[in-house]
Amino acid sequence: MNGMDWVEFIRKTEDKMYHLHRAIDGICNDPDYKESVTTLTEVVRDYQVLVEKAKGELRGIDFHRDRERAHHYDHDHH
């Protein structure tokens, strides 16, 4: 994936995490949902690991080089 793909992935994943946190907050005090809270919390942790990996990938991307490559591609193919 290129840099913009990683940015979009991070944005979407963080949005999902926000909604999961809201759901967890809404049911955390209800004993009927204890198992669901545990499962949702694990899912949030998994998402957090993915976001951190994605941020690591993003740090390794040279955006200037990506922009240059895209610029050359546009000129070469038009």
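Residues numbered from 1 in each chain as written. Predicted model: local features only at pLDDT ≥ 70, side-chain atom pairs only at ≥ 80, totals over all residues. Heavy atoms only, no water.

Draft legend 1. Highlighting the packing of aromatic side chains. Following the criterion strictly, the structure yields 1 aromatic pair and no others. A centroid spacing of 5.9 Å and a plane angle of 90° characterise the contact between W6 and F9, whose relative ring orientation is edge-to-face. In this pair, W6 and F9 both sit in helix α1 (residues 3–27), 3 residues apart, roughly one turn of the helix. For F9, a relative accessible area of 27% translates into the label partly exposed. (Phe/Tyr/Trp six-rings, centres within 6.5 Å; stacked < 30°, edge-to-face > 60°. Helix = DSSP H or I, 4+ residues; strand = E, 2+ residues; numbered from the N terminus. Buried < 20%, exposed > 50% of the residue type's maximum accessible area, 1.4 Å probe, protein only.)

Draft legend 2. Summary view of the pattern of salt bridges. Enumeration over the complete set of coordinates arrives at 3 salt bridges. Residue E8 pairs with R11 through a salt bridge whose shortest N-O separation is 2.7 Å. Of this pair, E8 and R11 both sit in helix α1, 3 residues apart, which is roughly one turn of the helix. Looking at R11, the relative accessible area reads 47%, which means it is partly exposed. A salt bridge links E14 to K55; its shortest N-O distance comes to 3.4 Å. With E14 in helix α1 and K55 in helix α2 (residues 34–59), this pair connects stretches of sequence that are 41 residues apart. Among the residues examined, K55 registers a relative accessible area of 27% and is labelled partly exposed. (Salt bridge = Lys/Arg side-chain N within 4 Å of Asp/Glu carboxyl O.)

Keep in mind these numbers describe shape, not what the thing actually does.
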